[in-house]
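Take a look at the letters that make up each chain.
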Amino acid sequence: MTSLKLTLSAVAVLAGSTGVALARDNVQISGSSTVLPYATIVAEAFGENFEFPTPVVEGGGSGAGRKKMCEGVGENTIDIANSSSRISKSDIELCTANGVTDIMEVRFGYDGIVFASKVDGPEFAFTPAHWYNALAAQVMKDGALVANPNKAWNEVDAALPAQDILAFIPGTKHGTREVFDTKVIVAGCEETGAFEAFKAAAGGDEDAAEEQCMTLRTDGVSVDIDGDYTETLARLDANPTSVGVFGLSFYQNNTDKLRVATMSGVVPSVDSIASGDYPVSRPLFFYVKKQHIGVIPGLKEYIEFFVSDDMAGPDGPLAAYGLVSDPELAATQAAVAAEEVMAPLE
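Residues numbered from 1 in each chain as written. Predicted model: local features only at pLDDT ≥ 70, side-chain atom pairs only at ≥ 80, totals over all residues. Heavy atoms only, no water.

Undergrad: Would you mind showing me how to read the packing of aromatic side chains here?
TA: What the rule picks out here adds up to 24 aromatic pairs. An angle of 85° between the planes, with centres 5.7 Å apart, marks the rings of F46 and Y302 as edge-to-face. Separated by 256 residues along the polypeptide, F46 in helix α2 (residues 36-49) and Y302 in helix α13 (residues 299-306) bring together distant segments of the chain. Each member of the pair F46 and Y302 is classed as buried. Arranged with centres 4.8 Å apart and planes meeting at 65°, the rings of F108 and F306 form a pair that is edge-to-face. With F108 in strand β4 (residues 103-118) and F306 in helix α13, this pair connects stretches of sequence that are 198 residues apart. Per residue, the accessibility class of F108 equals that of F306, and both read buried. Here the aromatic cluster, defined as three or more aromatic residues joined through ring pairs, consists of Y38, F46, F50, F52, F108, F286, Y302, F305, F306 and Y321. (Phe/Tyr/Trp six-rings, centres within 6.5 Å; stacked < 30°, edge-to-face > 60°. Helix = DSSP H or I, 4+ residues; strand = E, 2+ residues; numbered from the N terminus. Buried < 20%, exposed > 50% of the residue type's maximum accessible area, 1.4 Å probe, protein only.)

Structure below.
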């Protein structure tokens, strides 16, 4: 391929499906809402540059996509699961039980999780402790765990705006939620001393303490969003004093509508994520059912095209949309070419 055609419409697609295949000569993909726009860009370009039909790309969440991939082997099951969090042992056990025994793990870049409000609203400078003290069911007060009494952000920290707490966060089926829980809520739980209090109450059980950290209040200030980031944006439009959780790339393509907050003093950007300075970032993956390579037309060609320099490199259209290119992309390209399956999880 000496030249790469890429239509403006492909780059402009932010969410949704590319359509429903009429025959099973299409590659079929499902999963992460964060990975969805990247996969859509690649699928459209693939359809224009190769003698294969355009792959069918759908969202639904990382966990839902991995579950669909693990339903079995055959033309009535998907080929690829997009994921903004790493596959779990339980996913692999489900796959194995259903005959999906060879899985290729493909990491193609990085993304950040950002915290944004309406563009004309006040500025926020957050820390993980702020988010824990705003959303957790129990917080530390005077050295003891108590039911969360905080109603406004300035009650969490006097330096924050005097604005009622209302946060729209990813639902539990989304990979973004896993990262939010770990790098924001649990990190904030540790910063405030609540983790140690939970651990002591659980007789030293750190897993139990972490579960307690991730138990959020149920009085309406923390709202799970099961749809994609467009739904979160719509909720912010309807609730102008709220704060939402988004992927960096979505924010970068909606800067006319959103004001982004700092986290631990760092502004989220491609550069701050690439340098490791921004604390809430994560790798992005897709998982390939290797047993479908050679059976589903264009599957191998699609995944090689996805991780090519033309698409996933620092000067490609995915980076233009907001992807932080993987510095180890060449190793990923070699692994894909060799059809390497992932090693057992530790």
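Having put the structure on the table, let's press on.
Undergrad: Looking at this structure, I do not really get the domain arrangement of the protein chain. What am I missing?
TA: Where interface size is given, it is often the accessible area lost as the parts come together that is meant. What the domain assignment lists for the protein chain is domain 1 (25-110 + 283-337) and domain 2 (112-281). Put simply, the middle of domain 1 and the middle of domain 2, counted by C-alpha atoms, are 29 Å apart. On the side of domain 2, 15 residues touch domain 1, which itself brings 15 residues to the contact. Both sides together, the interface formed by domain 1 and domain 2 hides about 1200 Å², and carbon and sulfur atoms give 53% of it. (Domains from an automatic or database assignment. Contact = heavy atoms within 4.5 Å. Buried area = accessible area lost by both parts, 1.4 Å probe.)

Undergrad: It is not clear to me how the packing of helix α8 (residues 194-201) against helix α9 (residues 206-213) should be interpreted in this structure. Could you clarify?
TA: Pairs of packed helices are described in terms of their axes, by the angle between the two and the distance that separates them. It is at 8 Å that the axes of α8 and α9 come closest, and there the two elements cross at 130°. Taken together, the axes of α8 and α9 lie oblique to each other. Crossing of α8 against α9: the hand is right-handed. Residues F195, F198 and K199 of α8 touch α9, and the partners they reach there are E206, A209, E210, Q212 and C213. Residue classes in the contact of α8 with α9 are distributed as four nonpolar, one polar and three charged. (Axes fitted to C-alpha atoms, helices over the stretch in contact; angles between N-to-C directions. Parallel < 35°, antiparallel > 145°, perpendicular 65-115°, else oblique. Left-handed = near helix turned anticlockwise from the far one by under 90°. Nonpolar A, V, L, I, M, F, W, Y, C, P; charged D, E, K, R; others polar.)

Undergrad: Sorry, what's going on with helix α10 (residues 229-238) here?
TA: Because an α-helix completes one turn every 3.6 residues, residues spaced three or four positions apart along the sequence face the same direction. Taken together, the buried positions of α10 are Y229, T232, L233 and L236. Along α10, the residues classed as buried sweep out an arc of 100° about the axis, all on the same side. (Arc of directions from axis to C-beta.)

Undergrad: Mind showing me how you'd approach the confidence of the model for the protein chain here?
TA: The predicted coordinates should not be examined in detail at positions where pLDDT is low. Averaged over the protein chain, the pLDDT score is 91; the fraction of residues at 70 or greater is 93%. Confidence over residues 7-23 falls short of pLDDT 50; this stretch has 28 contacts with residues more than four positions distant or in other chains. (pLDDT = per-residue confidence, 0-100.)

Undergrad: Would you mind showing me how to read the nonpolar core here?
TA: General note: in soluble globular proteins, nonpolar side chains tend to be found buried as a group. Core analysis: the biggest nonpolar cluster contains 52 residues, and F115, F126, W131 and L135 have the highest contact counts within it. Here the element with the most residues in this core is helix α7 (residues 175-192); it accounts for six residues. Residues contacting W131, with those up to four places away along its chain left out, are F115, F126, A136, W153, A167, I169, F180, V184, I185, V243, V245 and M263. One finds A43, V106, F286 and V307 within the second-largest nonpolar core, a separate group that totals 34 residues. (Core = buried A, V, L, I, M, F, W, Y, C linked by side-chain atoms within 4.5 Å.)

Undergrad: Explain the side chain of N150 to me, please; I cannot follow it from the model alone.
TA: Position of N150 among the secondary structure elements: in the loop between β7 (144-147) and α6 (153-156). For N150, a relative accessible area of 10% translates into the label buried. Contact partners of N150, with chain neighbours within four places excluded, come to N133, E155, V156, I165 and R217.

Undergrad: Teacher, can you tell me more about the state of the cysteines here?
TA: Cysteine pairs can be linked by a disulfide, which is a covalent bond between their two sulfur atoms. For the structure shown, the criterion picks out two disulfides. Bridging C70 to C95, the disulfide has an S-S length of 1.9 Å. Because the torsion about its S-S bond is -70°, the bridge between C70 and C95 counts as left-handed. Here the residue C70 occupies a position in the loop between α3 (62-69) and β3 (80-83), and C95 occupies one in helix α4 (residues 89-97), the gap between them amounting to 25 residues. (Disulfide = S-S within 2.5 Å.)

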